[in-house]
Number of protein chains: 2
Amino acid sequence: MENAKLSGMSREALQACLAETQAAYDAFQAKKLSLNMARGKPGPEQLDLTMPLLNALPADASLISESGDDTRNYGLLEGIAEAKKLFADILGAKPNEMFIGGNSSLELMFACLQIAYVKGISGCAPWCRQDTIRFLCPVPGYDRHFALTEYFGVEMIPVPTDENGPDMAMVKQYVEQDETVKGIWCVPIYANPSGIVYSDDTVRAFAALKPAAKDFRIFWDNAYCIHHLTDSPRTPLTINAACEEAGNEGIFYQFVSTSKVTFPGAGVAALNTSRENMDELSKHLGVQTIGFDKTNQLRHVRYFENADNMRTHMKLHQAILKPKFDIVLDMLEQEIRPLGIGEWTKPEGGYFVSFNAPQGTAKRIVQLCKDGGVVLTSAGATYPYKNDPMDSNIRIAPTYPSCDELKLAMELFCICVRLAALEQLTK
Amino acid sequence: MENAKLSGMSREALQACLAETQAAYDAFQAKKLSLNMARGKPGPEQLDLTMPLLNALPADASLISESGDDTRNYGLLEGIAEAKKLFADILGAKPNEMFIGGNSSLELMFACLQIAYVKGISGCAPWCRQDTIRFLCPVPGYDRHFALTEYFGVEMIPVPTDENGPDMAMVKQYVEQDETVKGIWCVPIYANPSGIVYSDDTVRAFAALKPAAKDFRIFWDNAYCIHHLTDSPRTPLTINAACEEAGNEGIFYQFVSTSKVTFPGAGVAALNTSRENMDELSKHLGVQTIGFDKTNQLRHVRYFENADNMRTHMKLHQAILKPKFDIVLDMLEQEIRPLGIGEWTKPEGGYFVSFNAPQGTAKRIVQLCKDGGVVLTSAGATYPYKNDPMDSNIRIAPTYPSCDELKLAMELFCICVRLAALEQLTK
């Protein structure tokens, strides 16, 4: 097939291309692949990296925390002091502003929403007693964030993003003038799925917000804060430093976890917010549980000892993941760039490549891939209500398959992008 | 002091007794004790029993579950199959009707309430959109249950209990005739705090209920199902068998955990309900988390292997706890029985002795104990809204202190009961 922009081709040339691409697709289908690239899951070799974690708390260890508390027993709702310190060091936060939870940061986000919905926060009426609750949703974004707000009946407003982060003029206008806007979903570093890192100006603009609603919070999901793909990662301004400077410490809930540091199923999640917010949340969280798994917190602390060791550990993940991202990017560069039928991000960290196909083809591409044996994240999933108005964005999650599988999957993906574009052009 | 019923004494004798008891109390205060008997916490020697659990999942183990899933990774919201089987065997339930959660059964109870409150269940309007929501609360009961329902603004109706369980005529009338009654808190075996075991007739009466509300559920907290204090424990009818017989499988949510089998902070909790209820709950639970800690589920299964081993393990707890309960009961028998100033339960399992002091003295007794250096569960805590109309019930939790500490604490307790009674009689 000619390796040139499809937009400049004659109808005959496009028809020939289509026939050729269809044949390539049919040949792929005959291979009967069964691969899953739907989720940002670490691969088995990444999970093997932290197997020694399981020996970090052997039967002859003391399970007494620094504070003298027995981590095996009830109590210590906010988590053990040494875990607070570890996670605070990772984030650049204060240990007494850290709440250490169970294995899921999503669970902590849910809890924050639930408390505002059922009980109300900062003296405001519970959201279930307010007429309309709105959240700003930078797009493309994380489908599980959107599912959380949808669960509570929150109206979601998409906010465009560029390489510096969300459109802060639009954010400022909504947050400062609309009392029904109660939150915004942010993944500030290696955003899911775009991979962008918020600029310092963006972080400062967040810290400077003067919300119309007293119960407005920035949901700052720092899921990928140490998940670099380069040896010289950028050092963006933290929300903590920016908000301290702005005297606006109570405006954010920050989330972090070791789900993609140790084990997704058995890591430790944490929440960081002002002491005043912590006190309010803890009062309510103490009703739903007596405490999270403190022995697993201790296991993580004994294993890593400090934040620097955890950062060093992340280089092992990088060594496994970088070649996978390179496969994706090289293949797109080689197969899609010359045809002019797509744009994509080149992330310096995180778990995703965000691919924008020609408008109106994303759903078709995902369907073609599925029929060819490769499951991708659903088209539209990166938008609130699963509604991508352009039907363009596809989240590529290269981490779980092996390199060989990934090559095959990306070969199919490129064929499907081409096929969908040609179908559209020859309609 | 005379060892006779206070009620038969002359005023002079009572005054003399009071002086003598006050002196005993003062002498105790001089000892400056600092003991805590407030909560049903296992003692350190109980926690030591399961230290080998920590070695049950070493770094060289396979963490792949029977189903072929990697327990380290995301997924398997309902838990691993082998844990479903283990907990099903403990309860006499079906494995596919088990949801295996994190470290807290309280968290699962909260989730069930939260789902009904926010989303509604069985096609009914969410509780936050219904005018009045009521729960029946057998008393005395568990303060954390009451805190859960209070959190959601549920109106709590106390239901008297006797040695066979709650007053089932009253339960039936409320449940079958009042559509605002959405649930009832039950601890069917070794109830908290009374220690009673529901009779088979009581269990059958629960299974036969025809609720007015479609979103009514029995919250069956089987926290102490294998926590026996005798060598020949009773074998009460299970709610599962009774409801299957009555064709009423969807009426209950049953809860169980290893909090008092392995570690309170790092055990495994489970929920058992009909498959239809499970599907409804899972749909919603899948929004708030991708999955609970499956490696800790696997750790427990590898350690215990089967339900019989877990039951055998409980004999080690019994050996530690029985002497503690004997200290409490012997002391009450010796110090309080002759004076006729209290009644109490003699539990065959569980974590508590329920003590009924003369009306109007419970708060005073708890305060006296506190000032004497022994913290008890607050008086009133065993009633909804912390309101014991008789000001009589006190929950004694003998498990955490050592035997020596417990003897001292009970000595003080008996002095305080006597002192409060004498203060009242000489007023």
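Here the structure is a predicted model, which means the values were calculated and not measured.

Reading the values: rules and limits
Residues numbered from 1 in each chain as written. Chains lettered and ligands numbered in written order. Predicted model: local features only at pLDDT ≥ 70, side-chain atom pairs only at ≥ 80, totals over all residues. Heavy atoms only, no water. Least-squares fit on C-alpha atoms with pLDDT ≥ 70 in both. Pairing = 2+ DSSP bridges. Helix = DSSP H or I, 4+ residues; strand = E, 2+ residues; numbered from the N terminus. Contact = heavy atoms within 4.5 Å. Axes fitted to C-alpha atoms, helices over the stretch in contact; angles between N-to-C directions. pLDDT = per-residue confidence, 0-100. Buried < 20%, exposed > 50% of the residue type's maximum accessible area, 1.4 Å probe, protein only. Right-handed = clockwise from strand over helix to strand, strands pointing away. Salt bridge = Lys/Arg side-chain N within 4 Å of Asp/Glu carboxyl O. Buried area = accessible area lost by both parts, 1.4 Å probe. Disulfide = S-S within 2.5 Å. Expected span 1.5 Å × (residues − 1). Bend = angle between axes of the 7 residues up to and from the residue. Polar contact = N/O pair within 3.5 Å; in protein donor to acceptor, adjacent residues only side chain to side chain. Phe/Tyr/Trp six-rings, centres within 6.5 Å; stacked < 30°, edge-to-face > 60°. Lys NZ or Arg CZ within 6 Å of the ring centre and 35° of its normal. Lys, Arg positive; Asp, Glu negative; His and termini not counted.

Caption draft 1: Focus on the relation of the copies chain A and chain B. Structural alignment of chain A on chain B gives an RMSD of 0.0 Å, achieved by rotating through 180 degrees and translating 0.0 Å along the axis. The relationship between the two copies is best expressed as a two-fold rotation axis.

Caption draft 2: A look at the sheet that holds strand 9 (residues 269–272) of chain A. All names here are of chain A. Ordered in space as 2-9-8-7-6-3-4-5, the eight strands form an open sheet in which the pairing is mixed. The open sheet has two free edges, formed respectively by strand 2 (98–100) and strand 5 (165–166), since each of these has just one partner strand. Strand direction decides the pairing type here: strand 3 (residues 134–139) and strand 4 (residues 155–162), joined by six bridges, are parallel. Across the sheet, the residue bridging to Arg134 is Glu155, located in strand 4. Each of strand 2, strand 3, strand 6 (181–186), strand 7 (217–221), strand 8 (252–257) and strand 9 touches helix 4 (residues 105–118); the most contacted strand, strand 8, lies at about 160 degrees to it.

Caption draft 3: Structural detail: the confidence of the model for chain A. Put simply, chain A has an average pLDDT of 97, and 99% of its residues get 70 or more. Predicted complex, confidence summary: ipTM 0.96, pTM 0.97.

Caption draft 4: Structural detail: the pairing of strand 7 (residues 217–221) of chain B. All names here are of chain B. The element strand 7 is largely enclosed, with a buried count of five among its five residues. Because side chains alternate across strand 7, one face comprises the buried residues Arg217, Phe219 and Asp221, and the other comprises Ile218 and Trp220, equally buried. Relative to strand 7, strand 6 (residues 181–186) runs parallel, the two being bridged by four bridges. Residue pairing for strand 7: Gly183 is matched across the bridge by Arg217. Where the polypeptide runs from strand 6 across helix 7 (residues 200–207) and back to strand 7, its parallel neighbour, the crossover connection is right-handed. Where strand 7 meets strand 8 (residues 252–257), four bridges bridge the pair, whose relative direction is parallel. Its bridge partner lying in strand 8, Trp220 is registered against Gln254. Taken together, strand 7, helix 8 (residues 239–246) and strand 8 form a β-α-β motif whose crossover is right-handed.

Caption draft 5: Focus on the sheet that holds strand 13 (residues 393–396) of chain A. Residue and element names in this part refer to chain A. Overall, antiparallel pairing links the three strands, which are arranged 10-11-13 in an open sheet. The open sheet has two edge strands, strand 10 (343–344) and strand 13, and neither has a second partner. When strand 11 (residues 353–356) meets strand 13, the two strands line up antiparallel, connected through four bridges. Following the sheet pairing, Phe355 is matched in strand 13 by Ile394. Its contacts with the sheet place helix 11 (residues 307–335) against strand 10, strand 11 and strand 13, and it is angled at close to 20 degrees to strand 11.

Caption draft 6: Focus on the pairing of strand 9 (residues 269–272) of chain B. Residues and elements named next belong to chain B. Neither face of strand 9 is left uncovered, since the one carrying Ala269 and Leu271 and the one carrying Ala270 and Asn272 both have all their residues buried. One ladder, built from three bridges, connects strand 2 (residues 98–100) with strand 9; its direction is antiparallel. Within strand 9, the position partnered with Ile100 by the bridge is Ala270. Here four bridges tie strand 8 to strand 9, and the two strands are oriented antiparallel to one another. Looking at strand 9, one finds that Gln254 is bridged to Asn272.

Caption draft 7: Fine view of the pattern of salt bridges. Per the counting criterion, the structure on display carries 40 salt bridges over all chains. With a shortest N-O distance of 3.4 Å, Asp308 of chain A and Arg311 of chain A are connected by a salt bridge. In this pair, Asp308 of chain A and Arg311 of chain A both sit in helix 11, three residues apart, roughly one turn of the helix. Linking Asp70 of chain B and Arg72 of chain B is a salt bridge whose minimum nitrogen-to-oxygen distance equals 2.8 Å. With respect to class, Asp70 of chain B is no different from Arg72 of chain B; both count as buried. Connected through shared salt-bridge partners, Glu78, Lys84, Arg275 and Asp279 of chain A make up one network.

Caption draft 8: Main features of the interface of chain A and chain B. Facing the 59 residues of chain A at the interface are 59 residues of chain B. Three residues, Arg72, Tyr74 and Tyr151 of chain A, lead the burial of chain A against chain B; their summed loss comes to 17% of the area buried on that side. Summed over the shared surface of chain A and chain B, the number is two salt bridges. The residue Arg72 of chain B makes a salt bridge to Asp48 of chain A at a minimum N-O spacing of 2.8 Å. Residue assignment for the side of chain A that touches chain B shows that the elements contributing at least two residues are helix 2 (44–49), helix 4, helix 5 (143–151), helix 9 (275–288) and helix 10 (294–304) of chain A.

Caption draft 9: How the structure looks around the state of the cysteines. Tallied over the full model, the rule gives zero disulfides over all chains. Distance from the sulfur of Cys225 of chain A, which forms no disulfide, to the nearest cysteine sulfur (Cys186 of chain A) is 15 Å. Free of any disulfide, Cys403 of chain B has its nearest neighbouring cysteine sulfur in Cys414 of chain B, separated by 16 Å. Assessed through its relative accessible area of 28%, Cys403 of chain B is described here as partly exposed.

Caption draft 10: Structural detail: unusual backbone geometry. Cis peptide bonds are those with omega within 30 degrees of zero, and the linkage from Val139 of chain A to Pro140 of chain A qualifies with -5 degrees. Relative to the elements of secondary structure, Pro140 of chain A occurs in the loop between strand 3 and helix 5. Note that the residue after Asn192 of chain A, namely Pro193 of chain A, is joined by a cis bond; omega there is 5 degrees. Considering the arrangement of structural elements, one finds Pro193 of chain A in the loop between strand 6 and helix 7 (200–207). With a phi angle near 50 degrees, Lys32 of chain B is a residue other than glycine that sits in the positive phi range. Summarising the element assignment, Lys32 of chain B is placed in the loop between helix 1 (11–29) and strand 1 (35–37).

Caption draft 11: How the structure looks around helix 11 (residues 307–335) of chain B. Residue and element names in this part refer to chain B. Compared with an ideal rise of 1.5 Å per residue, which puts 29 residues at 42 Å, helix 11 spans 41 Å between its outermost C-alpha atoms and is within 8% of the ideal. At Gln318, helix 11 is bent by approximately 30 degrees, the largest bend along its length. Measuring from the backbone nitrogen of Asp308 back to the side-chain oxygen at the start of helix 11 gives 3.1 Å, which picks out Asn306 as the cap.

Caption draft 12: Representation of the packing of aromatic side chains. Residues and elements named next belong to chain A. Using the criterion set out here, one finds 38 aromatic pairs over all chains in the structure. Note on Tyr151 and Phe152: the rings are 5.0 Å apart at their centroids and 75 degrees apart in plane angle, and the pair reads as edge-to-face. Look at Phe206 and Trp220: their rings are 5.5 Å apart centre to centre, the planes differ by 80 degrees, and that puts the pair in the edge-to-face class. One end of the pair, Phe206, is in helix 7; the other, Trp220, is in strand 7, with 14 residues separating them in the sequence. A single burial state applies to Phe206 and to Trp220, both of which are buried. One aromatic cluster in this structure is built from Trp127, Phe135, Trp185, Phe219, Tyr253 and Phe255. Over the aromatic face of Tyr400 sits the side chain of Lys41, whose NZ or CZ is 4.7 Å from the ring centroid.

Caption draft 13: Inspection of the environment of Phe352 of chain A at higher detail. All names here are of chain A. Within the secondary structure, Phe352 is located in the loop between strand 10 and strand 11. Take Phe352: its relative accessible area is 2%, and that puts it in the buried class. In this structure, the C-alpha to C-alpha distance between Phe352 and Glu97, residues 255 residues apart in sequence, is 30 Å. Setting aside chain neighbours within four positions, we find Phe352 in contact with Arg39, Gly40, Asn192, Pro193, Tyr224, Phe325, Pro347, Arg395, Ile396, Ala397 and Pro398.

Caption draft 14: Highlighting the side chain of Asp221 of chain A. Residue and element names in this part refer to chain A. On the secondary structure map, Asp221 appears in strand 7. Of the buried charged residues, Asp221 lacks a salt bridge, with Lys260 as the closest side chain of opposite charge at 8.2 Å. Engagement of the side chain of Asp221 in a polar contact is seen with the side chain of His145, the distance being 2.8 Å. Leave out the neighbours within four places in its chain, and Asp221 touches Met109, Tyr142, His145, Cys186, Val187, Pro188 and Phe255.

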